[in-house]
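Chain and residue survey
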Amino acid sequence: MPIIVNLDVMMARRKMSLNELSEKVDITLSNLSILKTGKAKAIRFSTLESICAALECQPGDILEFREE
């Protein structure tokens, strides 16, 4: 898939665990894990906004487009 999710990279940069991000964003661990591993088919803008606020980053820091 040409959209790459770099959530794990941003979490590492902010030294934030999956559990901590899950609590801050109010999303289940399983859904956050699906997103982190790049298996998600979609993400709501409200969820992306919450993640960006918690990690103090921009959407482009988390999502990346790569041509196949």
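Residues numbered from 1 in each chain as written. Predicted model: local features only at pLDDT ≥ 70, side-chain atom pairs only at ≥ 80, totals over all residues. Heavy atoms only, no water.

To continue, consider the side chain of Asn6. Inspection of the secondary structure assignment puts Asn6 in the loop between strand S1 (3-5) and helix H1 (7-13). Engagement of the side chain of Asn6 in a polar contact is seen with the side chain of Glu64, the distance being 2.9 Å. What Asn6 contacts, discounting residues up to four positions off in sequence, is Asp61, Ile62 and Glu64. (Helix = DSSP H or I, 4+ residues; strand = E, 2+ residues; numbered from the N terminus. Polar contact = N/O pair within 3.5 Å; in protein donor to acceptor, adjacent residues only side chain to side chain. Contact = heavy atoms within 4.5 Å.)

On to the packing of helix H2 (residues 18-25) against helix H4 (residues 45-55). With their axes 9 Å apart at the nearest point, H2 and H4 run at an angle of 120° to one another. By the criterion of interaxial angle, the relationship of H2 to H4 is oblique. Note that H2 runs across H4; the crossing there is right-handed. Residue-level contacts link Leu21, Lys24 and Val25 of H2 to Thr47, Ser50, Ile51, Ala54 and Leu55 of H4. (Axes fitted to C-alpha atoms, helices over the stretch in contact; angles between N-to-C directions. Parallel < 35°, antiparallel > 145°, perpendicular 65-115°, else oblique. Left-handed = near helix turned anticlockwise from the far one by under 90°.)

Counting across every chain of the model gives two salt bridges. Residues Glu20 and Lys24 are paired through a salt bridge, measuring 4.0 Å at the closest nitrogen-oxygen approach. In this pair, Glu20 and Lys24 are both assigned in helix H2, four residues apart and thus about one turn of the helix distant. Given the relative accessible area of 34%, Glu20 is considered partly exposed. The closest approach of N and O atoms between Glu64 and Arg66, which form a salt bridge, is 2.9 Å. A relative accessible area of 28% means that Glu64 is categorised as partly exposed. (Salt bridge = Lys/Arg side-chain N within 4 Å of Asp/Glu carboxyl O. Buried < 20%, exposed > 50% of the residue type's maximum accessible area, 1.4 Å probe, protein only.)

By themselves these figures say nothing about function.
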